[in-house]
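Structural description and commentary
Listed below are the residues making up each chain.
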Amino acid sequence: MALLSPLRQLLQPDWVVNGTLAQVPLQELIARPSRPIRALVLDVDRTLLPRRQAHLPPSMRSWLETARQQVPIQLFSNNPSRSRIGGVAEELGLPFTTSAGKPRRTALRRVLAELAFPPDQVALIGDRLFTDVIVGNRLGLVTVLVKPIDPEGRPCERDRLQKLELRMARWVGTPMG
């Protein structure tokens, strides 16, 4: 069981939100007494954008507009489509990274260097344990796990991949609030 301890730690998000990015209480996240957040790194596919879509649901757009007035934001995606990810980033006026290779750390290290904040003052928000949470935890960021979104911007009820990842994390002993 001692061999599973590092895996448990990598799979443990700092915060599990029982909703989408639009339900993340921004002020509560930014003003956390233990680790105040000064910048955000946001996953794109299924966190900001529904599957196979390039337009933000209104709830995501509203949350992002509020957030960008308070902290710098970077979009960070494994998706190789510069036109899809870049189109959303350009529309919002945000920097972005495609083909990030999560959970590898190389691309995220570049983003952290651009942000110029210590990792523990940056939150990575995403919908996947085995990419978003692992890479954030590997570099000491505050990790926030949210529900993937459906085309209307609501929590996706039938997301088998996140459910499988959560089951696997529990199987190795990672507590999921």
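Report on the accompanying structure. (Residues numbered from 1 in each chain as written. Predicted model: local features only at pLDDT ≥ 70, side-chain atom pairs only at ≥ 80, totals over all residues. Heavy atoms only, no water.)

So, about the environment of G101. If you trace the backbone, G101 turns up in the loop between β4 (96-97) and α5 (106-115). Judged by relative accessible area, G101 falls into the buried class, the value being 15%. The spatial distance from the C-alpha of G101 to the C-alpha of P80 is 9.5 Å, given a sequence separation of 21 residues. (Helix = DSSP H or I, 4+ residues; strand = E, 2+ residues; numbered from the N terminus. Buried < 20%, exposed > 50% of the residue type's maximum accessible area, 1.4 Å probe, protein only.)

We now examine a positive patch on the surface. Where like charges cluster on the molecular surface, the positive patch consists of R158, R160, K163, R167 and R170. Examined against the element boundaries, R160 turns out to sit in helix α7 (residues 160-171). Among the residues examined, R160 registers a relative accessible area of 70% and is labelled exposed. (Patch = residues over 30% accessible without salt bridge, like charges linked within 9 Å, V, L, I, M, F, W, Y side chains within 5 Å. Areas by Shrake-Rupley, 256 points an atom, 1.4 Å probe, with all protein chains shown as cover. Salt bridge = Lys/Arg side-chain N within 4 Å of Asp/Glu carboxyl O. Lys, Arg positive; Asp, Glu negative; His and termini not counted. Charge placed at Lys NZ, Arg CZ, Asp CG, Glu CD.)

Here we take up the nonpolar core. L29, L40, L42, W63, I73, L75 and I125 are the most contacted members of the largest nonpolar core, which has 32 residues in total. Elements supplying a minimum of two residues to this core: α2 (26-30), β2 (39-42), α3 (58-68), β3 (73-76), α4 (82-92), β5 (122-126) and β6 (142-145). Residues contacting L75, with those up to four places away along its chain left out, are L42, V44, L48, V88, A89, L94, P95, F96 and T97. Counting 15 residues, the second-largest nonpolar core is a separate cluster that includes V41, F76, V122 and L124. (Core = buried A, V, L, I, M, F, W, Y, C linked by side-chain atoms within 4.5 Å. Contact = heavy atoms within 4.5 Å.)

On to unusual backbone geometry. Cis geometry marks the peptide bond from K102 to P103; its omega dihedral reads 15°. Relative to the elements of secondary structure, P103 occurs in the loop between β4 and α5. In this structure, R46 takes a positive phi of about 70° despite not being glycine. For R46, the position within the fold is in the loop between β2 and α3. Relative accessible area serves as the criterion here: at 8%, R46 is assigned to the buried category. Of note in the backbone geometry, R52 takes a positive phi value of approximately 60° without being a glycine. The residue R52 is located in the loop between β2 and α3 in this model.

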